[in-house]
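The primary structure of each chain is shown beneath.
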Amino acid sequence: MRPEDIVVRREQDRLIVEAITRLRPMDQQVLRLAAWEGLPASGIAKVIGCSPAAAEQRLHRAKKRLAKVVSPSFASVPFPTSQVEVGEQS
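Residues numbered from 1 in each chain as written. Predicted model: local features only at pLDDT ≥ 70, side-chain atom pairs only at ≥ 80, totals over all residues. Heavy atoms only, no water.

As for the nonpolar core
In terms of nonpolar packing, the biggest core is built from 15 residues, with Val-30, Leu-31, Ile-44, Ile-48 and Leu-66 touching the most fellow members. Contributions of two or more residues to this core are made by helix 1 (3-20), helix 2 (25-35), helix 3 (41-48) and helix 4 (52-74). Other than its neighbours up to four places away in sequence, Leu-31 contacts Ile-20, Leu-23, Trp-36, Leu-59, Ala-62, Lys-63 and Leu-66. (Core = buried A, V, L, I, M, F, W, Y, C linked by side-chain atoms within 4.5 Å. Buried < 20%, exposed > 50% of the residue type's maximum accessible area, 1.4 Å probe, protein only. Helix = DSSP H or I, 4+ residues; strand = E, 2+ residues; numbered from the N terminus. Contact = heavy atoms within 4.5 Å.)

Here it is in C-alpha cells:
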C-alpha cells in the first residue's frame, strides 16, 4: 500500500469512528460488538439481552443509520486508487 493510501484510509477510519459517536448508544453498542468484537447476532443477543433475530434487526438498522451519517462525510475524502483488502491493517 502506498503512503498516500494509508493517509486516506486513516482519514476514512477517523470519519467512521466519529460518525458512530453521533448515533444512539444502542446503535453504537451493536456496531462495536459486531465490528470490533467480531460477535455474530447470537453473541450480540447474549450481551444486550434479546433474541438473535432482534439483535440482527438492531444491527441492520444501526448500519443503515451509520450509512446516513457517514455518507456526507465521505464526500470530501478522496478514495485511494489501489484496492484495500477487507480486514487489512494499516
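Quick look at the confidence of the model for the protein
Per-residue confidence for the protein gives a mean pLDDT of 81, with 74% of residues at or over 70. For the protein, per-element mean pLDDT is lowest for helix 1, which scores 79, and highest for helix 3, which scores 96. Note on residues 79-90: pLDDT under 50 across the span, and 17 contacts to partners over four residues away in sequence or across chains. (pLDDT = per-residue confidence, 0-100.)

Considerations on the pattern of salt bridges
The full count for this structure, using the stated rule, is five salt bridges. For the salt bridge of Glu-18 with Arg-22, the shortest nitrogen-to-oxygen distance reads 3.9 Å. The class of Glu-18 is partly exposed, set by a relative accessible area of 36%. Take Arg-22: its relative accessible area is 49%, and that puts it in the partly exposed class. The closest approach of N and O atoms between Arg-24 and Asp-27, which form a salt bridge, is 3.5 Å. Since its relative accessible area comes to 2%, Asp-27 is described here as buried. The network of salt bridges with shared partners includes Glu-11, Arg-14, Glu-18 and Arg-22. (Salt bridge = Lys/Arg side-chain N within 4 Å of Asp/Glu carboxyl O.)

Considerations on the packing of helix 2 against helix 3
Across the interface, helix 2 lies against helix 3 with an axial gap of 10 Å and an inter-helix angle of 135°. Of the possible angle classes, the one that applies to helix 2 and helix 3 is oblique. For the pair helix 2 and helix 3, the crossing hand works out as right-handed. Within the contact between the two elements, helix 2 uses Met-26, Gln-29, Val-30, Leu-33 and Ala-34 and helix 3 uses Ile-44, Val-47 and Ile-48. (Axes fitted to C-alpha atoms, helices over the stretch in contact; angles between N-to-C directions. Parallel < 35°, antiparallel > 145°, perpendicular 65-115°, else oblique. Left-handed = near helix turned anticlockwise from the far one by under 90°.)

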